[in-house]
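Single-letter residue listing:
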Amino acid sequence: MKCSVLTLVGADQAGIVAAVTDALYKQGCSLAQASMMRLGANFAIMLRVSHDEAKDLRNILSEICENMSLHLHIDEDVDTDVLRPDPDVQVTVYGADRNGIVAQVTSALAVAGLNIIDLETDLGGTKDKPIYIMTLEGLATKGVESLQNALNALNSDIEVNLDEINTLRG
Amino acid sequence: MEILTYPDQRLKQISESVESIDKDVLNFIHELEQARMAGPGAVGIAAPQVNNFQRIVIVDVSDMRKPVDNHGHLIMINPEIAAWDGMHMGREGCLSVPDFTGNVIRAEKIKLNYMDETGETHEFESSGFEARAIQHELDHLDGLLFLDRLVSRRSDLFKRKNYKK
């Protein structure tokens, strides 16, 4: 068995998820992690799939990609036994929309030792007064204080909140 | 002691109240604590997780890397939550659900009755992380896993902030 990471993007329409996953299922492929969402008028799929070495994923999905106008990208996942790291911090950011919020916040956090595991952003508010919202989770490789100091030094036009994630195991 | 892991359906079983605290119960509590200690950083354990369907749980959040309010090492027999207050989202994992964590909403504060291993009854209030651990373990006694209470990570936007005191 080997693992591959698939990315599929195309104009949103009903039935994309069903068509893609059904084709993979019928060829004996196994879905592991998946993240799928509508991005504007597009639908984007990211999938980690384990499958027989002999299976040609591009061939399996070619007809669906053609019929539904989906772009397919395939990467081989080199580390098949990797355990998921548990994020230990969560950062939420919001403010009046402007260019550079993500770049500014993530650059400061990267220097301060944050390894991002999950990040999402969205636009809310009204057309006249849009607001930008970002949530991210990650590993504080240089400690939480380093991240907090980096966030404290950011522009004051955005609201930033850092919470430690204290995972309970019971 | 073997820890049952989902999808073992025995984890969905409802546990029975303990009628009397005899030698067998005391021996079992000792073994249950050993199973908890053997787990990776487990702050609690419930009897059904080791294939024993009596209403017994152990919770101890007194040894966290970042200290939290706590009542020390708690052995709880026939525990019952009498009152709930507030809500808080937090991340949970479970010895019975390896390699997965998820967000769960729990009461921020609870009032609890239980019997200890000497048969003495207690009533106390718990809040925050300890209250979360107690609710997680008590769920096991009713055949519930944190998987039954999962909420999307995407719904976490700013909720924590609203509940901050």
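Just so it is clear, the model here is predicted, and its values are computed rather than measured. (Residues numbered from 1 in each chain as written. Chains lettered and ligands numbered in written order. Predicted model: local features only at pLDDT ≥ 70, side-chain atom pairs only at ≥ 80, totals over all residues. Heavy atoms only, no water.)

Our focus in this paragraph is the pattern of salt bridges. Residues and elements named next belong to chain B. Counted under the stated rule, the structure contains 16 salt bridges over all chains. Close ionic contact of arginine 106 with glutamate 92 constitutes a salt bridge, the shortest N to O distance being 2.9 Å. In this pair, arginine 106 sits in strand β5 (residues 97-106) while glutamate 92 sits in strand β4 (residues 88-94), placing the two residues 14 residues apart along the sequence. When the shortest N-O distance is used, the salt bridge between arginine 106 and aspartate 139 registers 2.8 Å. Here aspartate 139 lies in helix α2 (residues 128-141) and arginine 106 lies in strand β5, a separation of 33 residues in the sequence. The buried category is assigned to arginine 106, whose relative accessible area is 3%. Taking the relative accessible area as the measure of exposure, aspartate 139 reaches 7% and is therefore buried. What emerges from the salt-bridge pattern is a single network uniting Glu92, Arg106, Arg132, Asp139 and Arg149. (Salt bridge = Lys/Arg side-chain N within 4 Å of Asp/Glu carboxyl O. Helix = DSSP H or I, 4+ residues; strand = E, 2+ residues; numbered from the N terminus. Buried < 20%, exposed > 50% of the residue type's maximum accessible area, 1.4 Å probe, protein only.)

Residues and elements named next belong to chain A. Ile16, Val20, Ala23 and Leu24 are the residues of helix α1 (residues 16-26) that are buried. The buried residues of α1 occupy an angular sector of 95° when the element is viewed end-on, so they sit on one face. Residues of α1 that are exposed and point more than 90 degrees away from the buried face comprise Tyr25 and Lys26. As for α1, its buried residues are in contact with β1 (2-11), β2 (30-39), β3 (42-51) and α2 (57-68). (Arc of directions from axis to C-beta. Contact = heavy atoms within 4.5 Å.)

This paragraph deals with the packing of aromatic side chains. Residue and element names in this part refer to chain B. Counted by the stated rule, this structure contains two aromatic pairs over all chains. Ring centres of phenylalanine 100 and phenylalanine 146 lie 6.2 Å apart, and the angle between their planes is 20°; on these two criteria the pair is classed as stacked. Linking phenylalanine 100 in strand β5 with phenylalanine 146 in the loop between α2 and β8 (150-151), this pair joins segments that are 46 residues apart in sequence. Phenylalanine 100 sits in the partly exposed class, given a relative accessible area of 30%. (Phe/Tyr/Trp six-rings, centres within 6.5 Å; stacked < 30°, edge-to-face > 60°.)

Contact with chain B, which involves 31 residues of that partner, is made by 25 residues of chain A. Roughly 2,400 Å² is buried in total at the junction of chain B and chain A, and carbon and sulfur atoms are behind 48% of that figure. Taking the shortest distance from any N to any O, the salt bridge between B:Arg91 and A:Glu137 comes out at 2.5 Å. Joining chain B to chain A, the criterion identifies nine residue pairs in polar contact (both at pLDDT 80 or more). Counting residues per element, the ones that place at least two in the side of chain B that touches chain A are β4, β5, α2 and α3 (159-163) of chain B. (Buried area = accessible area lost by both parts, 1.4 Å probe. Polar contact = N/O pair within 3.5 Å; in protein donor to acceptor, adjacent residues only side chain to side chain.)

Time to look at the sheet that holds β3(A). Residue and element names in this part refer to chain A. An order of β2-β3-β1-β4 is seen for the four strands of this open sheet, with the pairing classed as antiparallel. The open sheet terminates on both sides in strands that have one partner only, identified here as β2 and β4 (71-76). In this sheet, neighbouring strand axes are inclined to one another by 15° on average, regardless of whether the strands run parallel or antiparallel. Pairing analysis gives six bridges linking β1 to β4, with the strands arranged antiparallel. In the strand pairing of β4, valine 9 is matched with histidine 71. Strands in contact with α1 are β1, β2 and β3; relative to β3, the strand with the most contacts, it is inclined by about 15°. Of the strands in this sheet, β1, β3 and β4 touch α2, which is tilted by about 165° from β4. (Pairing = 2+ DSSP bridges. Axes fitted to C-alpha atoms, helices over the stretch in contact; angles between N-to-C directions.)

Entries for chain A in the domain assignment read domain 1 (2-76) and domain 2 (89-164). Inter-centroid distance (C-alpha atoms) of domain 1 of chain A to domain 2 of chain A is 31 Å. (Domains from an automatic or database assignment.)

All names here are of chain A. With respect to the helices and strands, lysine 2 occurs in strand β1. C-alpha of lysine 2 to C-alpha of aspartate 118: the two residues are 116 residues apart in sequence and 24 Å apart in space. Contact partners of lysine 2, with chain neighbours within four places excluded, come to Val49, Ser50, His51, Glu53 and Glu76. Engagement of the side chain of lysine 2 in a polar contact is seen with the side chain of glutamate 76, the distance being 3.4 Å.

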